[in-house]
Amino acid sequence: GPAPALASEPVDLAEVVGQVVRLLHRETERAGVTIEIETAESLPTVPAVRDQIHQVVLNLALNAIQATGRGDAIRITLDSDGPRDAPTGVRIGFHDAGEGISEENLEKIFDPFFTTKDPDKGTGLGLMISHQIIADHGGSIEVESSPGEGSTFHVRLPTTAPTSAAGGDGAPEAAKAETAPDA
C-alpha cells in the first residue's frame, strides 16, 4: 500500500492555493503577471495528501504563469461542486491569458514528455504527474482552451476519499482513532 508519509488528511484547498501563490511571488513579478484568487464561501475540505495537492496547484499555477503574457492576469477560482447545501467536492479553475492550446495538442497535453515549452522550461511530465495525482484522489483534471483565448484547467476533487485508493484498508485508520488517549 501507499507509504504512511502519504497519509490523507482533510485539506483546505483555498489555503493551499494561497500558499502556492505566495510561493510564486517572485515568478509572477519576473513574468509581469498578477494572480487573482476567487474563493467561494464555506468551501468543504477534501481528503487528500496535502503535499501532492500542493504539487499539482504549483504545477498548474506555474504553467499558467508561463502561458500568460506580461501585464495580464491569471485567475484561480475555487468553488464547491454539486449542490450548494451538500457539496460533493471542490473545483479549482486555473484560467490563464495565454495563446490557448491547439485542438491537436489538447489531446496530448497529459501524455508523458509532451510539451510545447522550450526544452529548458519544461520536461512534459508536470501535467502527466498532476493528472495521476488527481486521479489517485478520485478527482479529475480537464482543460478548456480556444486558440487566442487562453486556457482553463479544471481540477475537481471529491469530499469523500475514493475507496479504491485506500486499498480496502480503511479499518486500521478507524482502529487508530479509537485507541487515541482522551485528552
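Relevant structure appears above.
These numbers come from a predicted model, not from an experiment.

Caption draft 1: Seen up close, the overall build of the protein. The number of helices and strands found in the protein is 6 helices and 7 strands. Ordering the α and β elements of the protein from the N terminus gives β-α-α-β-β-α-β-β-α-α-β-β-α. Within the span of the protein, comprising 183 residues, buried residues form 34% of the whole. Considering only intrachain contacts with a sequence separation of at least 6, the fraction spanning at least 24 residues in the protein is 71%. Accessible surface for the protein amounts to roughly 10800 Å². Of this, 51% is attributable to carbon and sulfur atoms.

Caption draft 2: Molecular detail of unusual backbone geometry. The phi dihedral of Ser42 is positive, around 40 degrees, even though this residue is not glycine. Ser42 sits in the exposed class, given a relative accessible area of 68%.

Caption draft 3: Local environment of the environment of Leu58. Turning to its location among the elements, Leu58 is positioned in helix α3 (residues 50-67). Classification of Leu58 by relative accessible area gives partly exposed; the value is 25%. A C-alpha to C-alpha distance of 5.9 Å links Leu58 and Val20, two positions 38 residues apart in sequence.

Caption draft 4: Representation of the pattern of salt bridges within the structure. Under the definition given, this model contains 7 salt bridges. Its salt-bridge partner being Asp79, residue Arg84 comes within 3.3 Å of it at the nearest N-O pair. With a relative accessible area of 61%, Arg84 lands in the exposed category. Residue Asp79 is classed as partly exposed on the basis of its relative accessible area of 21%. One network of salt bridges, in which partners are shared, links Asp79, Asp81, Arg84, Arg91 and Arg156.

Caption draft 5: Quick look at the sheet that holds strand β6 (residues 140-145). Spatially, the 5 strands line up as an open sheet ordered β2-β4-β5-β7-β6, and their pairing is mixed. Across the chains shown, the open sheet's two edge strands, defined by having one partner strand only, are β2 (34-39) and β6. If you compare each strand with its neighbour and ignore which way they point, the axes differ by 15 degrees on average. Here strand β4 (residues 73-81) pairs with strand β5 (residues 89-95) via 7 bridges, running antiparallel.

Caption draft 6: Inspection of α3 at higher detail. Under the 1.5 Å per step criterion, the end-to-end length of α3 is 26 Å for 18 residues, consistent within 8% with the ideal 26 Å. Of all the positions in α3, only Arg50, Gln52, Ile53, Val56, Val57, Asn59, Leu60, Ala61, Asn63, Ala64 and Ile65 are classed as buried.

Caption draft 7: Structural view of helix α1 (residues 13-23). Those residues of α1 not exposed but buried are Leu13, Val16, Val17, Gly18, Val20 and Val21. Sitting at the amino-terminal end of α1 is Asp12, which places a side-chain oxygen 3.0 Å from the backbone nitrogen of Ala14.

Thresholds, definitions, all that
Residues numbered from 1 in each chain as written. Predicted model: local features only at pLDDT ≥ 70, side-chain atom pairs only at ≥ 80, totals over all residues. Heavy atoms only, no water. Helix = DSSP H or I, 4+ residues; strand = E, 2+ residues; numbered from the N terminus. Buried < 20%, exposed > 50% of the residue type's maximum accessible area, 1.4 Å probe, protein only. Contact = heavy atoms within 4.5 Å. Areas by Shrake-Rupley, 256 points an atom, 1.4 Å probe, with all protein chains shown as cover. Salt bridge = Lys/Arg side-chain N within 4 Å of Asp/Glu carboxyl O. Pairing = 2+ DSSP bridges. Axes fitted to C-alpha atoms, helices over the stretch in contact; angles between N-to-C directions. Expected span 1.5 Å × (residues − 1). Polar contact = N/O pair within 3.5 Å; in protein donor to acceptor, adjacent residues only side chain to side chain.

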